[in-house]
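# Survey of secondary and tertiary structure
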Amino acid sequence: MNQVLYRKYRPQQFKDFTAQNHVIQTLINEIEQNKIAHAYLFSGHRGTGKTSMARLFAKAINCQNRKGFEPCNECIACQEINKGSAIDIIEIDAASNRGIDDIRSLRDSIRYKPNLLKYKVLILDEAHQLSKDAANALLKILEEPPEYVVFILATTEAHKMISTISSRCQRFDFYKLTIKEIVSKLEEIAKKEGVIIEKEALELIAASADGALRDAEGIFDQILNFVSKKEIKVGDIQDMLGLVDLSLAFDFTEFLIDKNIPHAIKYLNENIERGLNIEEFSKTIINFLRKLLILKINKDLIDDIVVGETKETKDKMVSQSERFKGEDLKLILNLLLEAENKRKFSSIAQLPFELALVDYFYQAKKS
Ligand SMILES: [Zn+2]
């Protein structure tokens, strides 16, 4: 995935961070009070800013000209760190350097005081992937770290870390970003890149990134390369992400509300002939019906569960949820979920989906 935007807009100061305020607040207190711990554990979902935060923190504690808690980005220390050429900042990916020898060479590298900076900072990414021997060797270092060393361990799976290591670290949990947080960051990038993009399109990007800002920026990057124009619409994003056109979901749901299963099956097969992917379609319909079910219980949730869509679309969904009988909606959702499980055993890809429709036809008729 192209990550140019991700690198270009990596936060250079704490104020540039869009999320993780709970982490920032504690870190800047420590910086201001000069109470730097020897080991930190940054844990959380991928793409939520752990490594960016680690680098920023490393810069802030080493800046030679710091104003308050923000690094100046001008002194030699800041510049070297920004360029990625500071030899006192050591980044290791534990996914590919997971053995005891890797930790031993790490131990050797911290034997001497930092070259230029105040602190040697070791950023150990995917720290849970260390082998058992390596983790134990790391523990030994953490038990008696030289006073000029700061460890920052980052992990997507904190529960896999050995507890004797985690307990020696100050732990921070990074949360998935909300759609609002991602949209606000993307809006900022769009502005700087001179691109006009519909708010709904940004919401759609944010929704498909599942809380990972890095992924959202990657998608945004792709779309900028993909559309080669300066005005981007929701449709552009749908095309690029290969999302099933929502009008298909609306049409199909109409058949389900009317229990017009013969037409539903015909419609399905016509679209498959035109290249519709049944797997994607099934996912889209299940997701769509789930939203209708929630709307049926509480339509005030519309703005929370339906993002990246126009007001007109949202109104249409509320209308469908009102006309769909709750019992029927629950029934078809259960049947389609079962069909999902059966698909991998079926030699005809759409058969389980069709069987679910037929079951719905007979069972919903009775009620
Ligand atoms: Zn500086």
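Residues numbered from 1 in each chain as written. Predicted model: local features only at pLDDT ≥ 70, side-chain atom pairs only at ≥ 80, totals over all residues. Heavy atoms only, no water.

Across its full length, the protein chain holds 18 helices and 7 strands. In terms of its C-alpha atoms, the protein chain occupies a principal-axis envelope of roughly 75 × 45 × 35 Å. Restricting to contacts in the protein chain with at least 6 residues of sequence separation, those with at least 24 account for 76%. Element-wise, carbon and sulfur atoms account for 49% of the exposed surface of the protein chain, whose accessible area totals about 18700 Å². When the 53 positive and 55 negative side-chain charges of the protein chain are each reduced to one mean point, those points stand 3 Å apart. (Helix = DSSP H or I, 4+ residues; strand = E, 2+ residues; numbered from the N terminus. Contact = heavy atoms within 4.5 Å. Areas by Shrake-Rupley, 256 points an atom, 1.4 Å probe, with all protein chains shown as cover. Lys, Arg positive; Asp, Glu negative; His and termini not counted. Charge placed at Lys NZ, Arg CZ, Asp CG, Glu CD.)

Surrounding the zinc ion are the protein donor atoms Cys63 (SG), Cys72 (SG), Cys75 (SG) and Cys78 (SG), which sit 2.2 to 2.4 Å from the metal. What the 4 donor atoms of the zinc ion show is an angle range of 100 to 118° at the metal, which sorts the shape as tetrahedral. Positions of the donor residues of the zinc ion, expressed as sequence spacing, correspond to C-x8-C-x2-C-x2-C. Like Cys72, the residue Cys75 is buried in the burial classification. (Donors = N, O, S within 2.8 Å, 3.2 Å for Na, K, Ca; no water. Tetrahedral: all angles 85-135°; square planar, octahedral: opposite > 155°, others 65-115°. Buried < 20%, exposed > 50% of the residue type's maximum accessible area, 1.4 Å probe, protein only.)

Right, let's talk about empty space enclosed by the protein for a bit. Think of a ball as big as a water molecule: rolled over the atoms, this probe shows where empty space is left. Per the counting criterion, the structure on display carries 2 cavities of 30 Å³ or more. Considered as a void within the structure, the largest cavity measures approximately 40 Å³ in volume. Around the largest cavity sit Leu335, Glu338, Ala339, Lys342, Pro352, Leu355, Ala356 and Asp359, which together line it. Size it by volume and the second largest cavity reaches roughly 30 Å³. For the second largest cavity, the full set of lining residues is Ser282, Ala339, Glu340, Arg343, Ala349, Pro352 and Phe353. When contributions to the lining of the second largest cavity are tallied by element, the ones reaching two or more residues are α17 (326–343) and α18 (351–366). Per element, the largest residue contribution to the lining of the second largest cavity is 3 residues, and it comes from α17. Looking at the lining of the second largest cavity residue by residue, the class counts come to 4 nonpolar, 1 polar and 2 charged. (1 Å grid on protein atoms, 1.4 Å probe; cavity = no way out; pocket = protein on both sides within 12 Å on 5 of 7 lines; lining within 4 Å. Points joined across faces, edges and corners; volume = space filled by probe spheres on them. Nonpolar A, V, L, I, M, F, W, Y, C, P; charged D, E, K, R; others polar.)

This part covers the nonpolar core. In summary, soluble globular proteins display a tendency toward joint burial of nonpolar side chains. The biggest cluster of nonpolar side chains holds 40 residues, and the ones touching the most others in it are Phe252, Leu256, Phe281, Leu289, Phe324 and Tyr360. Those elements that place two or more of their residues in this core are α12 (246–258), α13 (261–273), α14 (278–297), α15 (302–305), α16 (311–323), α17 and α18. (Core = buried A, V, L, I, M, F, W, Y, C linked by side-chain atoms within 4.5 Å.)

Our focus in this paragraph is a nonpolar patch on the surface. Taken together, the side chains of Ile348, Leu351 and Leu355 present a nonpolar region at the surface, about 250 Å² in accessible area. Owing to a relative accessible area of 46%, Leu355 belongs among the partly exposed residues under this scheme. (Patch = residues over 30% accessible without salt bridge, like charges linked within 9 Å, V, L, I, M, F, W, Y side chains within 5 Å. Salt bridge = Lys/Arg side-chain N within 4 Å of Asp/Glu carboxyl O.)

So, on to the domain arrangement of the protein chain. Domains assigned within the protein chain are domain 1 (20–174), domain 2 (179–241) and domain 3 (246–366). Look at where the C-alpha atoms of domain 2 and domain 3 centre, and you get two points 27 Å apart. Listed as interface residues are 7 residues of domain 2 and, on the opposing side, 4 residues of domain 3. Approximately 430 Å² of surface area, both sides summed, lies buried where domain 2 meets domain 3, with 60% of it carried by carbon and sulfur atoms. Our enumeration of links across domain 2 and domain 3 arrives at 0 salt bridges. For the pair domain 2 and domain 3, the interface holds 0 residue pairs in polar contact (both at pLDDT 80 or more). Of all the secondary-structure elements, those providing two or more residues to the side of domain 2 that touches domain 3 are α9 (199–208) and α11 (234–241). (Domains from an automatic or database assignment. Buried area = accessible area lost by both parts, 1.4 Å probe. Polar contact = N/O pair within 3.5 Å; in protein donor to acceptor, adjacent residues only side chain to side chain.)

On to the layout of surface pockets, then. If you add up the space inside the largest pocket, you get close to 540 Å³. Contributing to the lining of the largest pocket are 18 residues, with Leu204, Leu243, Thr284, Asn287 and Lys291 lying nearest its centre. A total of 6 residues in the lining of the largest pocket trace back to one element, the largest contributor, which is α14. Each residue belonging to the lining of the largest pocket can be placed in one class, and the counts come to 10 nonpolar, 4 polar and 4 charged. Counting residues domain by domain, the lining of the largest pocket receives three or more from each of domain 2 (179–241) and domain 3 (246–366). Of the volumes computed, that of the second largest pocket is approximately 430 Å³. Taken together, 29 residues form the lining of the second largest pocket, with Tyr6, Gly49, Lys50, Thr51 and Arg214 sitting closest to its centre.

Quick look at the pairing of strand β3 (residues 120–125) now. Along β3, 5 of the 6 residues are buried, which leaves the element largely enclosed by surrounding structure. Since strand β2 (residues 89–93) and β3 lie parallel, the crossover through helix α5 (residues 100–109) that links them has a hand, and here it is right-handed. Both β3 and strand β4 (residues 149–155) contribute to a ladder of 5 bridges, which runs parallel. If you follow Leu122 over to β4, its bridge partner there is Phe151. Once the chain exits β3 it traverses helix α6 (residues 132–143) before rejoining the sheet at β4, and the crossover so formed is right-handed. (Right-handed = clockwise from strand over helix to strand, strands pointing away. Pairing = 2+ DSSP bridges.)

Here we take up α13. Taking 1.5 Å per residue, 13 residues should reach 18 Å; α13 reaches 18 Å between its end C-alpha atoms and fits that length. If you check which residues of α13 are buried, you get Ile261, Ala264, Tyr267, Leu268 and Asn271. Seen end-on, α13 carries its buried residues on one side only, within an arc spanning 120°. Counted as exposed and oriented over 90 degrees from the buried face of α13: Pro262, Lys266 and Glu273. Of the residues one or two after α13, Gly275 is the one with positive phi, at around 105°. (Expected span 1.5 Å × (residues − 1). Arc of directions from axis to C-beta.)

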